[in-house]
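Read off the chains here:
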Amino acid sequence: MTPEPRPGILDIAAYVPGESELDGTAPVIKLSSNETPLGPSTAAMDAFKEAVSHERYPDGSARELREAIAAAYGLNPEHIVCGAGSDELLGLLAQAYLGPGDEAIYTEHGFLVYRIVILANGATPVIAPEKNVRADVDAILEKVTDKTKIVFLANPNNPTGTYLPYDELQRLRKGLPENVLLVIDAAYAEYVCRNDYEAGVELVSSTDNTVMTRTFSKIHGLAALRLGWCYAPGPIADVLNRIRGPFNVSAPAIAAGVAALSDPAHASKAADHNEQWLAWLTDRISALGLEVTPSVTNFLLVHFPDEDGRRASDADKALKAERILLRRVIGYGFPNALRMSVGTEDENRKVVAALKAFMENDRSAK
Ligand SMILES: *Cc1c(COP(=O)(O)O)cnc(C)c1O
């Protein structure tokens, strides 16, 4: 007899990562997982290699990394908890605050890890509709019941690239009951160039019931190492420290994270590259007659016309023939869109050329 997992677990559709391989040996342009085209800082790679030669357990509290994060962002290191990617922290938050009978809210096109961690803890996912592919504060507040325990909000969101300005975030926090934990997932915060954006530090500092999660996977280019952190009120940090693995972050990851923060010029270079090419890509892809959701991140959501031979599935095939991998986003409620991460100049130009050929070929075929 097969042992039965807890209710909810078999309702989980396992997360499908962006594709990374194609048949054959020719190089692949992989723009399917929102990684930075610049890679990590050399300081981070050197620190990683150096740390690999020490075989002892890491410092379980990751003190050096928490202090480096605190110094970089002006935070209290006691209110920071590090994790094996921010995904681990999202899971720990759900584990600590959700159980059977509870509800947790996320938005219509929200990051799918939320659904997984809600179901994994026996709670009920509640989906709030979005407006113009952006989170809608009123719709979230309408979904709140006596059972609501957490609201998960990616700001900006993946895969839409849209964001809520700080005044809307404040309005959300004010409208939520005080016993509801608001989790602001700011994985792409470093890419946002908008005056009305606030990653979450202000809201965490000024309330007892808000947590911000961050990652080294995106602008710092350390996705392979699995390194994230959260900023939380003291009692919530205390809860997470009780349930996390005692050595949940590896020593090489701690060393690389500290070194990455010591090289802010590398992150600025990545942000500058992104600002330039995000605008260029939005412009060029729109000019092909494709709808692009305006993005503040390092990726864009491209919508295809729902006509014979010009659907997202056809575009995906045509791009793969050119050895370009973008991300299908069917599970996010976009059967007819592809998500593209901003790549190197050469990669960006190749994608636009391939999309142009795709749109033209198809038209001439009709
Ligand atoms: C990439 C991403 C993360 C980061 O996950 P890690 O586990 O830190 O690699 C978190 N949230 C969103 C919305 C993301 O797109």
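Criteria and cut-off values
- Residues numbered from 1 in each chain as written.
- Predicted model: local features only at pLDDT ≥ 70, side-chain atom pairs only at ≥ 80, totals over all residues.
- Heavy atoms only, no water.
- Helix = DSSP H or I, 4+ residues; strand = E, 2+ residues; numbered from the N terminus.
- Buried < 20%, exposed > 50% of the residue type's maximum accessible area, 1.4 Å probe, protein only.
- Contact = heavy atoms within 4.5 Å.
- Areas by Shrake-Rupley, 256 points an atom, 1.4 Å probe, with all protein chains shown as cover.
- Polar contact = N/O pair within 3.5 Å; in protein donor to acceptor, adjacent residues only side chain to side chain.

Asks: Would you explain the overall build of the chain in this entry?
Replies: Each helix and strand counted, the chain has 12 helices and 13 strands in total. Considering only C-alpha atoms, the chain reaches an extent of 65 × 55 × 50 Å along its principal axes. Put simply, the chain has 366 residues, and 54% of those count as buried. Across the chain, contacts joining residues at least 24 apart in sequence account for 74% of those joining residues at least 6 apart. When the accessible surface of the chain is summed, it comes to about 16,500 Å², and 52% of that surface belongs to carbon and sulfur atoms.

Asks: Explain the side chain of D102 here, please?
Replies: You can see D102 is positioned in the loop between α3 (85-97) and β3 (103-107). When its relative accessible area of 14% is taken as the criterion, D102 is described as buried. Each residue touching D102, except ones within four places of it in the same chain, is listed here: Y97, A123, T124, K147 and K149.

Asks: Which parts of the structure should I look at to understand the environment of T36?
Replies: For T36, the position within the fold is in the loop between β1 (29-30) and α1 (42-52). Judged by relative accessible area, T36 falls into the buried class, the value being 9%. Residues T36 and A70, spaced 34 residues apart in sequence, show a C-alpha to C-alpha distance of 24 Å. Sequence-distant contacts of T36, defined by excluding residues within four places in its chain, comprise Y191, K218, I219, H220, G221 and A270. Within the local environment of T36, its side chain forms a polar contact with the backbone nitrogen of L38, the two atoms lying 3.0 Å apart.

Function cannot be read off these values alone, since they describe shape.
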